[in-house]
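The lines below spell out each chain.
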Amino acid sequence: MRYRSHVYDSSRWEGFAFRADDVVISTPAKCGTTWMQMLCALLIFDGPRFPGPLDAISPWLDMCNRPLDDVRRALEAQRHRRFIKTHTPLDGLPHDPRVTYLVVGRDPRDVAISFDHHRENMDFDHFMALRAAAVGVDDLADLPPRREPIADPVERFRAFIADDTPGGTSLGAVLHHLDTGWQRRHDANVTLFHYADMKTDLVGELTRLATALGIACSPERAQALAPEASLARMRERASEVAPSASEKNWKDTRQFFRKGALGEWRERLGPAELAAYDARVAALVPPDLATWVHHGRQSADPRTS
């Protein structure tokens, strides 16, 4: 399946030449993508010193702000183990049994709140100028017009619940993305992670990640590496590790690492919104997936442990 927006196009994966040890980080936006990239980098480079900015060593291949040939040449030139970012669900990616796929989930209510702040901090006009230079604008005629954000935050959340547009950050799109990982959770080369588990036990999740990648990492080494992936430390290194920092896509790069909180939605949503949300979730995904989506592996399928 092809996923497209003003920002990305999953068709950029077509014909990509995988290596046997490649890692693909497939997450809905605002579910911990950069966090997972950082954890992979700490393991692959065995410490916090990287050979370049995180967005260069772990590019978002489908993002339309760089010519595709440039991105592929840069990946081809890498001699370290490659780990590539995407917001494309697994049903829109090439499947290679030699590749490790990491899918990261988060409570969609937190995703909605986080994306509000993400949108406010993004310099979209600057991004569109980069896009025009990289891939042109002729294809925009084939896409729905970009919607202006709804001013009222509660109405924005209601639209998040009801939106049926494939891809993006609507409730349906987030759940569909995570469902593509859930359906393949028994595959040997697919591992599911959850934002809440990373927040609760980062050392344990870093150890799980090392196992998934086949990288030796003792509990003591995981304990030493984990602080480098803390929110405070990543905010300190925002110019090196924030996505698209090198392209200056943010009004305030440090604010990309804002709070990383769990449950901020409780301050905004009332009973009516939560009832509509629960009904929509129940209509879209089975109960076992819904449990994992909201709570992580500690209360879900044992294969995610």
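Predicted, not measured: the structure shown is a model, and the values here were computed from it.

## Things to note about the overall build of the protein
The helix and strand inventory of the protein stands at 14 helices and four strands. Its C-alpha radius of gyration of 18 Å places the protein within 12% of the 19 Å reference for a compact globule of 305 residues. Projected onto its principal axes, the C-alpha positions of the protein cover 50 × 45 × 35 Å. Within the protein, the fraction of its 305 residues that count as buried is 56%. Long-range contacts, defined here as pairs at least 24 residues apart, represent 77% of the contacts in the protein between residues at least 6 apart. For the protein, the accessible surface area stands at approximately 13400 Å², while carbon and sulfur atoms represent 53% of it.

## Focus on the pairing of strand S1 (residues 23-26)
Residue alternation in S1 divides its side chains into two sets, Val23 and Ile25 and Val24 and Ser26, and both sets are buried. Judged from the four bridges that link them, S1 and strand S2 (residues 83-86) form a sheet pairing that is parallel. Across the sheet, residue Ile25 finds its bridge partner in S2, namely Lys85. Pairing of S1 with strand S3 (residues 100-105) involves four bridges; the strand directions are parallel. What sits directly across from Ile25, in S3, is Leu102.

## Observations regarding the confidence of the model for the protein
Looking at the protein, the pLDDT average stands at 90 and 92% of residues meet or exceed 70. Across residues 300-305, confidence stays below pLDDT 50; counting only partners more than four residues off in sequence or on other chains, it has 18 contacts.

## Examining helix H14 (residues 287-295)
Taken together, the buried positions of H14 are occupied by Leu289, Ala290, Trp292, Val293 and His294. Trailing H14 by a residue or two, Gly296 shows a phi angle of about 85 degrees, which is positive.

## Overview of the packing of helix H7 (residues 171-182) against H14
Direction vectors running N to C along H7 and H14 enclose 110 degrees, while the axes themselves pass 11 Å from each other. Accordingly, the angle class assigned to the pair H7 and H14 is roughly perpendicular. Mapping the contact onto sequence places Leu175, Leu178, Asp179 and Trp182 in H7 and Asp288, Leu289, Trp292 and Val293 in H14. Of the residues belonging to the contact of H7 with H14, the class tally is six nonpolar, no polar and two charged.

## Here's the deal with the pairing of strand S4 (residues 190-194)
In terms of burial, S4 is largely enclosed, as five of its five residues are buried. Of the two faces of S4, both are covered, the one formed by Val190, Leu192 and His194 as well as the one formed by Thr191 and Phe193. Note that S3 and S4 share five bridges and pair parallel. When the bridges of S4 are listed, Tyr101 appears paired with Val190.

## Focus on the packing of aromatic side chains
Under the counting rule described, the total for this entry stands at eleven aromatic pairs. Put simply, the rings of Trp13, Phe16 and Phe18 pair up and form one aromatic cluster. One Lys or Arg, Arg106, reaches over the ring of Tyr195 and ends 3.9 Å from the middle of that ring. Over the face of the ring belonging to Phe50 we find Arg237, whose NZ or CZ atom lies 5.0 Å from the ring centre.

## Side note on the pattern of salt bridges
For the structure shown, the criterion picks out 18 salt bridges. Two residues, Arg82 and Asp22, come together in a salt bridge whose shortest N-O distance is 2.7 Å. Of this pair, Arg82 sits in the loop between helix H3 (68-77) and S2 while Asp22 sits in the segment before S1, and the two are 60 residues apart along the sequence. With a closest N to O distance of 2.8 Å, Asp107 and Arg109 form a salt bridge. Connected through shared salt-bridge partners, Arg2, Arg4, Asp9, Arg131 and Asp139 make up one network.

## A look at unusual backbone geometry
If you check the backbone angles, Lys30 has positive phi at about 70 degrees while not being a glycine. At Asp46, a residue that is not glycine, the phi angle is positive and equals roughly 50 degrees. Looking at the element boundaries, Asp46 is found in the loop between helix H1 (33-44) and helix H2 (54-57).

## Notes on the sheet that holds S4
Note on sheets: strands pair through backbone hydrogen bonds, and any given pair is parallel or antiparallel. The four strands lie next to each other as S2-S1-S3-S4, forming an open sheet whose pairing is parallel. Each edge of the sheet is formed by a strand with only one pairing partner; in this case those strands are S2 and S4. The sheet shows a mean angle of 20 degrees between the axes of neighbouring strands, taken without regard to direction. Together, S1, S2, S3 and S4 form the strand contacts of H1, whose direction differs from that of S2 by roughly 180 degrees.

About the cut-offs
- Position labels on residues start from 1 in each chain and follow its written sequence.
- Local features in a predicted model are, by the rule used here, given only for residues with pLDDT of at least 70; side-chain atom pairs are given and counted only at 80 or more, and totals for whole chains, interfaces and linings are based on all residues.
- Hydrogens are left out, water is left out, and the side-chain values use all remaining heavy atoms of the structure.
- Numbered from the N terminus, helices here are DSSP runs of H or I no shorter than four residues, and strands are runs of E no shorter than two.
- The quantity called the radius of gyration is restricted to C-alpha atoms. Its globule counterpart is 2.2 Å times the number of residues to the power 0.38.
- Only protein chains enter the area calculation, which uses a 1.4 Å probe; residues under 20% of their type maximum are buried, those over 50% are exposed, and those in between are partly exposed.
- By definition in these notes, contact holds between two residues if any of their heavy atoms fall within 4.5 Å.
- Accessible areas in this description were obtained via Shrake-Rupley with a 1.4 Å probe; residue shielding takes into account the shown protein chains only.
- Two strands pair under a simple rule: DSSP has to find at least two bridges between them.
- The predictor attaches a confidence to each residue, and that confidence, scored 0 to 100, is pLDDT.
- Between N-to-C directions, angles cover 0 to 180 degrees, with each direction set by a line fitted to C-alpha atoms, over the stretch in contact for helices.
- Should an angle lie under 35 degrees it is considered roughly parallel, over 145 roughly antiparallel, and from 65 to 115 roughly perpendicular; all remaining angles are considered oblique.
- Amino acid classes used here: Ala, Val, Leu, Ile, Met, Phe, Trp, Tyr, Cys and Pro are nonpolar; Asp, Glu, Lys and Arg are charged; the rest, including Gly, are polar.
- Aromatic contacts are taken between Phe, Tyr and Trp rings whose centres are within 6.5 Å, Trp giving its six-membered ring; a plane angle under 30 degrees counts as stacked, one over 60 as edge-to-face, and the others as tilted.
- To sit over a ring, a charge needs its Lys NZ or Arg CZ within 6 Å of the ring centre and within 35 degrees of the ring normal.
- Note on definitions: salt bridges are taken to be side-chain nitrogens of Lys or Arg within 4 Å of carboxyl oxygens of Asp or Glu.

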